[in-house]
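# Notes for the structure review
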Amino acid sequence: MSSFLRLITSARTSWIVLVLAVAAVGALFAWGSTEEAETAPAVGLPDSAESVQVEKLLEDFPGADSTSALVVFAGEDGALSDEQRAAIDAKAFGELVDLTPDGFIPPAQVADNGEVALLVVPLDPEPDVEKQAERAQEIRDLAAEDLDGVRVYLTGAEGFEVDVAAVFAGADFTLLLTTVIVVAILLLITYRSPWLWLVPLVVIGVADASAGIVARRVAAAAGVQLDASVTGILSVLVFGAGTNYALLLIARYRDELRLHEDRREAMRRAVRGAGPAILASGSTVALALATLLLGELAGNRALGLACAVGIVVAMAFALIVLPAALVLFGRGLFWPYVPRFGSPDAISRSPWGKLGVAVSRRPGWVAAAGFVVLAALASGMFFVQTGLSQNDRFLQKPEAVRGQEILAEAFSAGTTSPAVVVAPRAEAAETVDALQGLTGVDTAVAGDESGDLVRIDVTLNADAETAEAFDAVREMRSQLDDVGSGTALVGGLDARALDVADAQARDQALIIPLILVLVLIVLIVLLRALVAPLLLLLAVVASFFSAVGASWWLFQTPLFGFPAIDVNVLLFSFLFLVALGVDYSIFLVTRAQEESRTLGTTRGMIRALAATGAVITSAGILLAAVFAVLGVLPLITLTQIGIIVCIGVLIDTLLVRTVIVPALAFLTGDRFWWPRRPLVSDADAAASAPAPVSASVG
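For every chain, the first residue of its written sequence is number 1, and the numbers climb from 1 along that sequence. Thresholds applied to this predicted model are a pLDDT of at least 70 for local features of residues and 80 or more for the giving and counting of side-chain atom pairs; totals over whole chains, interfaces and linings are not thresholded and use all residues. Working from all heavy atoms in the structure, the side-chain values ignore hydrogens and water.

This paragraph deals with the sheet that holds strand β7 (residues 453-460). Spatial ordering of the open sheet is given by β6-β7-β5-β8, a layout of four strands whose pairing is antiparallel. At either end of the open sheet lies a strand with only one pairing partner, and these are β6 (441-450) and β8 (489-492). The sheet shows a mean angle of 25° between the axes of neighbouring strands, taken without regard to direction. Strand pairing is assigned whenever DSSP identifies at least 2 bridges connecting the two strands. Per the convention used, a helix needs a DSSP run of H or I reaching at least four residues, while a strand needs a run of E reaching at least two, with both numbered from the N terminus. Two elements, strand β5 (residues 419-424) and β7, share six bridges in a ladder whose sense is antiparallel. In the strand pairing of β7, Ala-419 is matched with Val-458. Any pair of residues with heavy atoms lying within 4.5 Å of one another is described as a contacting pair. Angles shown run from 0 to 180 degrees and are taken between the N-to-C directions of axes, each axis being a line fitted to C-alpha atoms and, for helices, limited to the stretch in contact. The strands that helix α3 (residues 50-58) touches are β5, β7 and β8; relative to β8, the one it contacts most, it runs at about 85°.

Centres within 6.5 Å are what make two rings of Phe, Tyr or Trp a pair, Trp counting through its six-membered ring; a difference in plane orientation under 30 degrees is then read as stacked, over 60 as edge-to-face, and the rest as tilted. In total, this model carries 11 aromatic pairs according to the counting rule given. Ring geometry for Trp-195 and Trp-335: centres 5.8 Å apart, planes at 25°, overall stacked. Note that Trp-195 is positioned in the loop between α7 (171-191) and α8 (198-221) and Trp-335 in the loop between α11 (298-326) and α12 (351-361), a separation of 140 residues in sequence. Classification of Trp-335 as partly exposed rests on a relative accessible area of 47%. Each ring, one from Tyr-253 and one from Phe-334, has its centre 5.9 Å from the other, and the planes form 50°; the classification is tilted. Of this pair, Tyr-253 sits in helix α9 (residues 228-259) while Phe-334 sits in the loop between α11 and α12; the two residues are 81 residues apart in sequence, bridging distant segments of the chain. Across the pair, exposure class does not vary: Tyr-253 and Phe-334 are buried alike. By the ring-pair criterion, three or more aromatic residues cluster together here, those being Phe-544, Phe-545 and Phe-574. Across from the ring centre of Tyr-337, 4.3 Å away, lies the NZ or CZ of Arg-192, which sits over that ring. The ring of Trp-352 carries the charged tip of Arg-657 above its face, separated from the ring centre by 5.7 Å. The cut-offs for exposure are 20% and 50% of the maximum accessible area for each residue type, with area from a 1.4 Å probe on protein chains only; residues under the lower value are buried, those over the upper are exposed, and the others partly exposed. Criterion for a charge above a ring: Lys NZ or Arg CZ within 6 Å of the ring centre, and within 35 degrees of the ring normal.

Per residue, pLDDT measures the predictor's confidence, with a range of 0 to 100. Per-residue pLDDT for the protein chain has a mean of 85; in total, 94% of the residues score no lower than 70. At the low end of the mean pLDDT range in the protein chain sits helix α21 (residues 682-688), at 73; at the high end sits helix α13 (residues 363-378), at 94. Low confidence marks residues 34-40, where pLDDT is under 50. Its contacts with residues over four positions away, or in another chain, come to 17 contacts. Segment residues 690-698: pLDDT under 50, and 20 contacts once partners within four positions in sequence are set aside and those in other chains are kept.

Right under this line is the structure:
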């Protein structure tokens, strides 16, 4: 350890560390420069999902290698005129035909009210997002050409794929730019120095770029593809966690500069003091993220792999590159608030120490009041609704959503997302009869055949991806188990969304307990205690429930008006809040453990609160603001994750870590470290230093 610290801080080798780091980053950029463009977000169901089995069976059916775009024509002044209908019919024989694989477009379907017409344009699948968007725009232009008084919308599976991809077009740049601006402003406010903030910002910015490249390469080696949503969250996480580590290290470095004349010795002391907390914090987050690799959904596994790699890279830059960069500059880097050697201890003047003294006088009442506040905020959990339809996933309705809403009003609600049943050909008639007898089904029509199988297209009377559509799919699957051989399978968009929701529920049931166990194990190993880890975990879990409850009340306000929380939001929010929220408790309690060796548990906790209060509060506010940046994207899922994590981090920073955790430590006293005995008990500390508790802050 000492050799490593001398390597990154001494005058002869610290610059070598930076040169090697620059060379390594340059090699990474050259290595990652040929990376292919990112795709639109994907979920990735396992092969065991029924909808996936249907998709595989359909590959052998005629037209399996094609998709379609739904073009909706709506009259601006009511019913479509005869001239407008004729012009729409002509589209089926015009230039749009050149985009189809077989040179054929079925005639337009006109709604009973005569106000809406639907044209189904067969297409070849296009995996490249940019080419798919270009083709979609060409379809829009050709469909709207020479049509006056008619609104044209592109919807259906093709339309939604294009609109979702558009949400993430340039997402990385938007998120990165906004994140950098937010971090720069908060660092400038925190340090009140015209240039100190530049050092951590540059180091963490390079760490973010490096983490993106390393994560993509590791994912490619593991056969996992990262989409723009994953890399966007990765940037937010690396910036948030990396900046937290930088704040903790620099705060400790500033304290050590008052105690040591040699700034390099001060940095060695700072890394030795803050390093274990940073390693424990980063390891907790990385291990928690790694639990996503056990999930069924490929999207969860991709996020877990990428973000775990990103946290490791952020830790490496915070503990190796940042110390080497900081010691290149003198104390003037902190100007105008330069920490002079021998200057008074700033900890003794900390308002957080005074807060700790106040909490220590009534710890029971303070802890009870804190949990009452958490319970009040968590009351929204009793009313939380989960599951968003595809129409509700956008902050601003894109064209595909508006087109589908128009179709749902004019035609059957399930027109844009029919269910697909694959059944034995000999049981086709029996299967169709059974389907048509269900209340959630409008029509069921047998179509193409392949070998001994037949495809049956089923139109539901519910909007896509709603609870009613899911109930209809469940009912179909249940009833078809008793029809003929019981081998009929139900697929389609609604069935796929239902399978995703069920898989997400199974992932939550597996991963959430694993996260709790892993965090508990890390805390036990770090603190060599049982009581303190259990109390810290209890407090962090309570803050998660309060964050979700408070967020739900916020989501119901006219400002947001979200009808529900998306199915994957709770898992990701729990992961980030528990893993990141426990960071601040780790920062506080490891410092308390260090101080308790000479001051005892109570006075050690007060001094730890005084020493870490300002930096942890700054780190929490910064992390909350960074996650709130996810709201710049017009996708409700990311906005909800950002808001829940933002509120949860603020609760954890300002209430749990500041008040509840110290109160619990004061209540338990020396038993806080059980089964280990502290080197100095509270009784010994009081006997050796009978001064008032408030004086011990200094």
